[in-house]
Amino acid sequence: MRLLLFLSLLLAAPLAVAQEGAPSTHGMGEPALVPTARPALVEDELVTPRFRILYTHGSKGSALALAERIEAVRDSFQQVLGRDWQGRTEIRIGRDRQEYEALALPGGAPPKWAVALAYPAHNIILLDARSLLAPEGDITLRHELAHVALGQFAKDWPRWFQEGLAQHLAGERIVLTHYAALFRAVTQQKVLHFEDLSEGWPTMPSDVEVAYAQSADFVAYLAGQHGPGAMNELIEGMARGEPFPTAFGKAFHSSLGVEEDHWRGGLSTRFGWLPLTTSMQLVWLMAPGLCVVAYVRRRRQQAARLAEMSAEEAAEEAAIRVLAAEAAAQEGLPPPLPADSVPQWVEPPPPPPEEPREFLDEDSEHGPRPPKPTLH
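Residues numbered from 1 in each chain as written. Predicted model: local features only at pLDDT ≥ 70, side-chain atom pairs only at ≥ 80, totals over all residues. Heavy atoms only, no water.

S.K.: Looking at this structure, how should I read the pattern of salt bridges?
M.R.: Side-chain pairs of opposite charge can arise where the charged atoms are in close proximity. Overall, the coordinates contain 20 salt bridges when judged by the stated rule. A salt bridge links aspartate 96 to arginine 95, with the nearest nitrogen and oxygen atoms 3.6 Å apart. Note that glutamate 163 is salt-bridged to arginine 159, the shortest N-O span being 3.4 Å. In this pair, glutamate 163 and arginine 159 both sit in helix H6 (residues 159-169), four residues apart, roughly one turn of the helix. (Salt bridge = Lys/Arg side-chain N within 4 Å of Asp/Glu carboxyl O. Helix = DSSP H or I, 4+ residues; strand = E, 2+ residues; numbered from the N terminus.)

Here it is as structure tokens:
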């Protein structure tokens with residue numbers, strides 16, 4: 001019954017994309033590539049070989065910490081992608097939500113649920129300083145930087161590839177919400193087609209979650225099947241101006257449709273009913289509930305044991321009284337009284353004597369005299 005309840009929660013789980021570190025808004029229209037003045041809110045900037053970090057008065061500490069590690073993050077991207085992009089990437093950091101929105105490019109205001117935003121064509125990243133302090137802060141930064149990298153390498157990336165590669169480069173893994181989304185999509189036969197995810201993104205919240213989850217899983221599948229060299233070749237082809245289907249075919253020696261069919265063929269094995277009932281992931285997911293059940297069961301066992309011990313003690317006391325009564329009958333003595341009874345011939349102890357009190361004369365003008373202290 002507990003397993004069925006858990007599965008029903010998976011099938012009816014609501015969208016949790018906004019709680020997963022707020023995915024970026026790439027695929028939406030970017031502001032026009034026109035020169036813009038530096039926001040008046042910016043106090044100063046930090047410059048590294050490949051980055052310019054603009055910060056406000058309240059976000060200086062976050063900017064200093066970011067400047068110490070941002071070059072290493074870009075180096076790791078270059079190792080995976082096989083190339084670096086040109087120019088110096090600008091990162092704007094605001095102290096809070098108000099400053100974060102004030103630093104946005106004209107015409108490119110971030111959505112209310114986003115804590116980070118990339119403008120790939122502009123080579124600019126917008127960050128809320130508090131997002132860097134969150135547990136997923138490094139993932140958020142790498143996710144947005146991946147969007148900038150793709151935008152600088154080439155144009156016209158399919159939306160699913162942008163989001164999938166960004167999650168892959170950021171080190172994001174399949175979490176409960178992603179697993180639940182793909183489980184629902186597989187069991188309800190609602191897996192989306194990547195052709196439909198090339199230009200736009202779904203509008204239904206449940207479909208949005210499936211789109212993010214399957215994009216990440218498909219890119220991970222391509223990288224695992226063909227290796228990093230094929231990914232690098234795909235990026236090289238797009239950088240040369242080839243259409244994505246052409247660059248994809250040259251890099252993977254296959255078509256997108258064929259690879260998608262192979263990927264779909266393994267979904268039921270990894271996200272269907274059988275893996276859910278046999279995988280270690282289910283064990284870890286059910287571990288908290290099993291701990292609660294074990295605790296309740298242990299408490300019930302302890303209560304039953306205490307009740308059993310009390311019954312044994314009462315039986316022993318009754319047996320002792322029976323033996324004592326039999327022994328008294330053999331000796332011609334009256335039977336012993338119960339331990340909690342008081343014999344009627346026992347007189348109660350006398351009350352303590354009252355101490356004598358002395359009084360003044362009735363005609364005393366000062367009233368009664370206080371009692372004298374007793375000397376021993």
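Alright, that's what it looks like, and here's the rest.
S.K.: Quick question: what am I supposed to make of the sheet that holds strand E5 (residues 124-128) here?
M.R.: Pairing between the strands of a sheet comes from backbone hydrogen bonds, and it takes one of two forms, parallel or antiparallel. Spatially, E1-E2-E3-E5-E4 is the arrangement adopted by the five strands of the open sheet, whose pairing is mixed. If you trace the sheet from one side to the other, it starts and ends with strand E1 (44-48) and strand E4 (116-119), each paired once. Within this sheet the neighbouring strands show an average axis-to-axis angle of 15°, counted without direction. Across five bridges, strand E3 (residues 89-94) lies against E5 in parallel orientation. Residue pairing across strands places isoleucine 91 opposite isoleucine 125, the latter belonging to E5. Across the face of the sheet, helix H2 (residues 60-81) comes into contact with E1, strand E2 (51-55), E3 and E5 while running at roughly 165° to E2. The strands that helix H5 (residues 137-153) touches are E2, E3, E4 and E5; relative to E4, the one it contacts most, it runs at about 15°. (Pairing = 2+ DSSP bridges. Axes fitted to C-alpha atoms, helices over the stretch in contact; angles between N-to-C directions. Contact = heavy atoms within 4.5 Å.)

S.K.: Please clarify how a negative patch on the surface should be interpreted in this entry.
M.R.: On the surface, Glu312, Glu313, Glu316 and Glu317 cluster together to form a negatively charged patch. Mapped onto the secondary structure, glutamate 316 falls in helix H13 (residues 280-331). (Patch = residues over 30% accessible without salt bridge, like charges linked within 9 Å, V, L, I, M, F, W, Y side chains within 5 Å. Areas by Shrake-Rupley, 256 points an atom, 1.4 Å probe, with all protein chains shown as cover. Lys, Arg positive; Asp, Glu negative; His and termini not counted. Charge placed at Lys NZ, Arg CZ, Asp CG, Glu CD.)

S.K.: Is there a simple way to think about the side chain of glutamate 163 in this case?
M.R.: When its relative accessible area of 0% is taken as the criterion, glutamate 163 is described as buried. Among the polar contacts made by the side chain of glutamate 163, one reaches the side chain of histidine 143 at a distance of 3.4 Å. (Buried < 20%, exposed > 50% of the residue type's maximum accessible area, 1.4 Å probe, protein only. Polar contact = N/O pair within 3.5 Å; in protein donor to acceptor, adjacent residues only side chain to side chain.)

S.K.: How should the pairing of E5 be read in this particular structure?
M.R.: On a regular strand, one side chain projects to one face of the sheet and the next to the other, so that they alternate. Counting buried residues in E5 gives five out of five residues, a clear majority hidden from the surface. The alternating pattern of E5 places Ile124, Leu126 and Asp128 on one face and Ile125 and Leu127 on the opposite face, and all of these are buried. Bridge analysis of E4 against E5 gives four bridges, and the strand direction is antiparallel. If you follow alanine 116 over to E5, its bridge partner there is leucine 127. Linkage of E4 to E5, two consecutive antiparallel strands, is achieved through a turn of four residues, within which asparagine 123 is found at a positive phi near 60°.

S.K.: Whenever I open this one, helix H10 (residues 256-265) confuses me. Can you help?
M.R.: Among the residues making up H10, those that are buried are Glu259, Glu260 and Trp263. One side of H10 holds all its buried residues, which, seen down the axis, span an arc of 100°. The exposed set on the far side of H10, more than 90 degrees from its buried face, consists of Asp261, His262 and Gly265. Contact partners of the buried residues in H10: helix H8 (205-239), helix H9 (244-252) and helix H11 (267-271). (Arc of directions from axis to C-beta.)

S.K.: Could you clarify how one ought to interpret the nonpolar core in this entry?
M.R.: What tends to happen in soluble globular proteins is that the nonpolar side chains get buried as a cluster. Counting 66 residues, the largest nonpolar core has Ile91, Ile93, Leu127, Trp160, Phe161 and Leu234 as its most contacted members. Every residue in contact with phenylalanine 161, bar those within four places of it in the chain, is listed here: Leu150, Val219, Met231, Leu234 and Phe244. Counting residues in each nonpolar core, the second largest holds eleven residues, with Val42, Leu54, Leu103 and Leu105 among its members. (Core = buried A, V, L, I, M, F, W, Y, C linked by side-chain atoms within 4.5 Å.)

S.K.: I tried to follow the packing of aromatic side chains on my own but got confused; where do I start?
M.R.: Two aromatic rings are characterised by how far apart their centres lie and by the angle between their planes. In total, this model carries 16 aromatic pairs according to the counting rule given. Following the ring pairs from residue to residue traces out a cluster consisting of Trp157, Trp160, Phe161, Phe194, Phe218, Tyr221, Phe244, Phe248, Phe252 and Trp263. Over the face of the ring belonging to phenylalanine 51 we find arginine 74, whose NZ or CZ atom lies 5.3 Å from the ring centre. Lying across the ring of tryptophan 201, arginine 159 places its NZ or CZ 4.4 Å from the centre. (Phe/Tyr/Trp six-rings, centres within 6.5 Å; stacked < 30°, edge-to-face > 60°. Lys NZ or Arg CZ within 6 Å of the ring centre and 35° of its normal.)

S.K.: Please explain the confidence of the model for the protein chain as it appears in this structure.
M.R.: Low pLDDT means the predicted atomic positions in that stretch should not be read closely. Summarising the model, the protein chain shows a mean pLDDT of 80, and 75% of its residues fall at 70 or more. Per-element mean pLDDT across the protein chain ranges from 47 in helix H1 (residues 2-11) up to 97 in E2. Contacts from residues 2-27, a stretch scored under 50 in pLDDT, to residues over four places away or in other chains number 66 contacts. (pLDDT = per-residue confidence, 0-100.)

S.K.: Which parts of the structure should I look at to understand a nonpolar patch on the surface?
M.R.: Together, Val292, Tyr295 and Val296 line one region of the surface with nonpolar side chains, adding up to about 280 Å² of accessible area. Residue position: valine 292 is located in helix H13. The class of valine 292 is exposed, set by a relative accessible area of 52%.

S.K.: Would you mind showing me how to read the packing of H5 against H6 here?
M.R.: Two packed helices can be described by the angle between their axes and the distance between those axes. At a closest axis distance of 8 Å, the pairing of H5 and H6 adopts a crossing angle of 130°. Relative to H6, H5 is oriented oblique. Helix-helix and strand crossings are classified by hand; for H5 and H6 the assignment is right-handed. The segment H5 lies against H6, with Arg142, His143, Ala146, His147 and Leu150 engaging Phe161, Gln162, Glu163, Leu165, Ala166, Gln167 and Leu169. In terms of residue class, the contact of H5 with H6 is made up of six nonpolar, four polar and two charged. (Parallel < 35°, antiparallel > 145°, perpendicular 65-115°, else oblique. Left-handed = near helix turned anticlockwise from the far one by under 90°. Nonpolar A, V, L, I, M, F, W, Y, C, P; charged D, E, K, R; others polar.)

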